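In case you want the letters, here they are:
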Amino acid sequence: MTHADQSTPATTIPAEHRADVETLWDYHNMHHELRPCDIGIGLGSHDLGVAIIATDLYHRGYFPRIVFTGANAPTTIERFPRGEAVHYAEYAVGHGVPKDAILIEPNATNTQQNFELTRSLLDELRLPISSAIVITRPYQQRRAFATAAKVWPHLRVVSASNPATLDGYVGSIGDVDKVINMLVGDTDRILVYAEQGFAVPQVMSDGVKAAYRRLAESGYDKRLVQKP
């Protein structure tokens, strides 16, 4: 039984699941070293941290322009009613990024479309792009990397996210069940989407697979593509 049964979301990782959660958390972190790139691409989600990190990296000179991409999902419509990319852009402008340094792609509803529609936008604007820092939620790094490698194979991708610790990130989201379900769901998608041809296969150790299965069997199965 998970803590989802409680009326107030828990923010502490259950002790019996901590090792498995930490295993998945580390797996999804690509551990890339930041370097200057042609553009920053912020993938829309429920997490404003994507916009915060993208804004910070812009001010630190890692890229001269940012594309925010994302429409809405059931998990974001309430928080970002005008669309994920629009709200991200508003945050960036409000924190000193010039409007002419921001592009908005407002139609993508999944990670594949994030890259396909961003690539189309940049092609329409005749902006030559060969490298990008892709900013995501921490647990989306690997899936975004695998997806970009499939749909935009010539793009050199550097993955970046909120550098918070696992516990710090859970605290910022305010719902440990949500974070664990997302971790399990993204691990599931690494496997399923590669099988379906949507992403490049990723190496996954037996230890990661075992942690993923144990957590899913413990009730963290709300974000599985297909429940067993």
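This text follows the structure it describes.
Computed from a prediction, not measured in an experiment: that's the story for all the values here. (Residues numbered from 1 in each chain as written. Predicted model: local features only at pLDDT ≥ 70, side-chain atom pairs only at ≥ 80, totals over all residues. Heavy atoms only, no water.)

K.L.:
Can you explain the packing of helix H1 (residues 18-28) against helix H8 (residues 206-217)? Please cite residues and give values.
P.N.:
For the pair H1 and H8, interaxial distance at closest approach is 9 Å and the crossing angle is 125°. One element, H1, and the other, H8, form an angle in the oblique class. H1 and H8 meet at a crossing whose hand is left-handed. Residues Asp20, Val21, Thr23, Leu24 and Tyr27 of H1 touch H8, and the partners they reach there are Gly207, Val208, Ala211, Tyr212, Arg214 and Leu215. Its residues assigned to classes, the contact of H1 with H8 comprises seven nonpolar, two polar and two charged. (Axes fitted to C-alpha atoms, helices over the stretch in contact; angles between N-to-C directions. Helix = DSSP H or I, 4+ residues; strand = E, 2+ residues; numbered from the N terminus. Parallel < 35°, antiparallel > 145°, perpendicular 65-115°, else oblique. Left-handed = near helix turned anticlockwise from the far one by under 90°. Contact = heavy atoms within 4.5 Å. Nonpolar A, V, L, I, M, F, W, Y, C, P; charged D, E, K, R; others polar.)

K.L.:
Describe the packing of helix H6 (residues 166-173) against helix H7 (residues 176-195), listing the residues and the values that go with them.
P.N.:
It is at 8 Å that the axes of H6 and H7 come closest, and there the two elements cross at 120°. Judged by the angle between their axes, H6 and H7 are oblique. At the point where H6 passes H7, the crossing takes the right-handed sense. Of the residues in H7, those in contact with Tyr169, Val170 and Ile173 of H6 are Val176, Lys178 and Val179.

K.L.:
Hey, could you go over the pairing of strand E2 (residues 66-69) for me, with residue numbers and the actual values?
P.N.:
Residues Ile66 and Phe68 of E2 are buried on one face, and the alternating residues Val67 and Thr69, pointing to the opposite face, are buried as well. Pairing of strand E1 (residues 39-43) with E2 involves four bridges; the strand directions are parallel. Residue pairing in the sheet places isoleucine 41 in a bridge with valine 67 of E2. What joins E1 to E2 is helix H2 (residues 49-59), and the crossover it makes is right-handed. (Buried < 20%, exposed > 50% of the residue type's maximum accessible area, 1.4 Å probe, protein only. Pairing = 2+ DSSP bridges. Right-handed = clockwise from strand over helix to strand, strands pointing away.)

K.L.:
With reference to specific residues and values, describe H8.
P.N.:
With 12 residues, H8 should reach 16 Å at 1.5 Å per residue; the first-to-last C-alpha distance of 16 Å fits that figure. Positive backbone phi, approximately 110°, marks glycine 219, located one or two places after H8. (Expected span 1.5 Å × (residues − 1).)

K.L.:
Which residues make up the sheet that holds strand E3 (residues 102-105), and what values do they have?
P.N.:
Within a beta sheet, neighbouring strands are joined by backbone hydrogen bonds and run either parallel or antiparallel to one another. Here five strands make up an open sheet; going across it, the order is E3-E2-E1-E4-E5 and the pairing parallel. Two strands close off the open sheet at either side, each with one partner strand: E3 and strand E5 (156-160). Mean inter-strand twist for the sheet, computed between neighbouring axes without regard to direction, equals 25°. Bridging between strand E4 (residues 131-135) and E5 involves five bridges; their strand directions are parallel. Paired with isoleucine 135 across the strands is alanine 160, a residue of E5. Contacting E1, E4 and E5, helix H5 (residues 141-151) crosses the sheet at an angle of about 170° to E5.

K.L.:
Provide a residue-level description of H1, including the pertinent values.
P.N.:
Buried residues of H1: Asp20, Val21, Leu24, Trp25, Tyr27 and His28, and no others. One face of H1 carries all of its buried residues, which in axial projection span an arc of 165°. Buried-residue contacts for H1 involve H5, H6, H7 and H8. (Arc of directions from axis to C-beta.)

K.L.:
Describe the nonpolar core, and please don't skip the residues or the numbers.
P.N.:
It is characteristic of soluble globular proteins that their nonpolar side chains tend to be buried jointly. Counting residues in hydrophobic clusters, the biggest one holds 25 residues, and the most contacted among them are Val21, Leu24, Ile180, Leu183, Val184 and Leu215. Elements supplying a minimum of two residues to this core: H1, H6, H7 and H8. In terms of residue count, the dominant contributor to this core is H7 (seven residues). With residues near it in sequence (within four places) discarded, isoleucine 180 still touches Pro14, Val21, Leu215 and Tyr220. By size, the runner-up hydrophobic cluster in this structure holds 24 residues, among which are Leu57, Tyr62, Ile66 and Phe80. (Core = buried A, V, L, I, M, F, W, Y, C linked by side-chain atoms within 4.5 Å.)

K.L.:
Go over the side chain of threonine 187 with me, naming the residues and quoting the values.
P.N.:
Looking at the secondary structure, you find threonine 187 in helix H7. Of note is the side chain of threonine 187, whose polar atom sits 2.8 Å from the side chain of histidine 28. Once residues lying within four places of it in the same chain are set aside, the contact partners of threonine 187 are Leu24, His28, Met204, Val208 and Tyr212. (Polar contact = N/O pair within 3.5 Å; in protein donor to acceptor, adjacent residues only side chain to side chain.)

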